[in-house]
Structures are given as structure tokens and as C-alpha cells.
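# Structural features, examined
Each chain, letter by letter, is given below.
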Amino acid sequence: ASFAQVREGLLKLQLSPRVRLTEEDWAGATDGFGLCDAAGKMRLEGFQRMLHRQLGIYIQKHISDATALAAPHSESEALLQGLRLVLMVLAHDRSSADLLGGLGDGGQEAGELETRLAATTKELAEVRRQQTHQILPELRQLQAAT
């Protein structure tokens, strides 16, 4: 998909508020066009990476907002900070795995490291899912209190 196709698709979604994708937004979302080919188009794998990254940014923003609302030194604050840390580790692992994936046939050692990173990422994703499930009731209470 090209910038124009994604922009047109977002406008067709009729979201409220409307999403107006600029070329500057596209450059940032595509990692300086690094997720695009020479023709400026993004393949499915790049699109998925972009969506994962944008979802991660969205989640981190809301965790930061919820952390700011949590009582200092409370269990909620500790859980949110822990979740934030897990997300940072996941982002780092994904970046490392992406880097290793770019090595091509980098030998058995790189393949083994990539496999371990993938397993760690999967384990951390499960931890994140469990922690998210645990803190949802507290987040709802915080939202209700505001």
C-alpha cells in the first residue's frame, strides 16, 4: 500500500475524529520510509510492523496517563510501572529480532539467537496479557473516579 492508498483508506473509515494522515505522519509511521520498498509502497509485513508499533505507542500513552492518575506508591502504580517495563522490553526484543532478521543468512548463531528472542517475546507477551487482565478492574475504577 502506498501513502495515498492508506490515507484514502483511513478517510473511508469515517472515524470520529477523522484521521488525516500527512506525509510527515507517514514518514514517522514507516520508520523514515524504511518499511516501504523503492517505489514507496509497503508490503503486508511492513504494514503489520507499522500497526504493531503504533498500537504499542497507543498502549504506552494510555499506561502513562493511567500511571499519572494512580495514587503515589500504590499497588496500581506499581502494576502500571511494571507493565510499562514489560512493554519496553518487548519493544527492545522486537527491535533486536528485526535487526537479526535483516542479516539474511547470518549463520546458525544468529538463527539461534533469533529463536530465543522470539520465545522470550512470546513469554513476555503472555505476561503482558496476564498483567493487563489483572489491572483492568483497577483502571476501570480509576476512570470511574475521574
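Residues numbered from 1 in each chain as written. Predicted model: local features only at pLDDT ≥ 70, side-chain atom pairs only at ≥ 80, totals over all residues. Heavy atoms only, no water.

### Concerning the side chain of Thr30
In this fold, Thr30 is placed in the loop between α2 (23–29) and α3 (44–69). Look at Thr30 and you get buried, because its relative accessible area is 0%. (Helix = DSSP H or I, 4+ residues; strand = E, 2+ residues; numbered from the N terminus. Buried < 20%, exposed > 50% of the residue type's maximum accessible area, 1.4 Å probe, protein only.)

### Comments concerning the packing of aromatic side chains
A complete count under the given rule lists one aromatic pair for this structure. A centroid spacing of 6.1 Å and a plane angle of 55° characterise the contact between Phe3 and Trp26, whose relative ring orientation is tilted. Note that Phe3 is positioned in helix α1 (residues 3–12) and Trp26 in helix α2, a separation of 23 residues in sequence. (Phe/Tyr/Trp six-rings, centres within 6.5 Å; stacked < 30°, edge-to-face > 60°.)

### Digging into the nonpolar core
Ranked by size, the top nonpolar core spans 10 residues in total: Ile63, Ala66, Ala70, Leu80, Leu83, Val86, Leu87, Leu90, Leu124 and Ile135. Going through the elements one at a time, α3, α4 (75–101) and α5 (108–145) are the ones with two or more residues in this core. The element best represented in this core is α4, accounting for five residues. Residues Phe3, Val6, Trp26 and Leu35 belong to the second largest nonpolar core, which totals nine residues. (Core = buried A, V, L, I, M, F, W, Y, C linked by side-chain atoms within 4.5 Å.)

### A word on the side chain of Ser2
Locating Ser2 in the fold gives a position in the segment before α1. Since its relative accessible area comes to 15%, Ser2 is described here as buried.

### Comments concerning the pattern of salt bridges
Applying the stated criterion to the full structure yields three salt bridges. Here Lys12 and Glu8 are joined by a salt bridge, their closest N and O atoms 3.2 Å apart. Highlighted residues: Lys12 and Glu8, both in helix α1, separated by four residues, approximately one helical turn. (Salt bridge = Lys/Arg side-chain N within 4 Å of Asp/Glu carboxyl O.)

### A few points about a nonpolar patch on the surface
Taken together, Leu13, Leu15 and Val19 make up a surface patch of nonpolar side chains, about 230 Å² in accessible area. By the element assignment, Val19 lies in the loop between α1 and α2. Taking the relative accessible area as the measure of exposure, Val19 reaches 31% and is therefore partly exposed. (Patch = residues over 30% accessible without salt bridge, like charges linked within 9 Å, V, L, I, M, F, W, Y side chains within 5 Å. Areas by Shrake-Rupley, 256 points an atom, 1.4 Å probe, with all protein chains shown as cover.)

### Some remarks on the environment of Ile57
Relative to the assigned elements, Ile57 resides in helix α3. Overall, Ile57 belongs to the partly exposed group, its relative accessible area being 45%. Between the alpha carbons of Ile57 and Leu87 there is a distance of 9.8 Å; along the sequence they are 30 residues apart.

### A short note on α3
With 26 residues, α3 should reach 38 Å at 1.5 Å per residue; the first-to-last C-alpha distance of 38 Å fits that figure. Of the positions making up α3, those classed as buried are Gly46, Met50, Ile63, Ala66 and Thr67. (Expected span 1.5 Å × (residues − 1).)

### A closer look at unusual backbone geometry
The amide bond that connects Ser16 to the next residue, Pro17, takes the cis arrangement and shows omega of 0°. In this structure, Gln14 is a non-glycine residue whose phi angle is positive, near 50°. The topology assignment puts Gln14 in the loop between α1 and α2. Taking relative accessible area as the criterion, Gln14 reaches 64% and is therefore assigned exposed. Of note, Asp31 is a non-glycine position whose phi angle comes to about 55°, a positive value. Residue placement: Asp31 occurs in the loop between α2 and α3. Judged by relative accessible area, which is 52%, Asp31 ranks as exposed.

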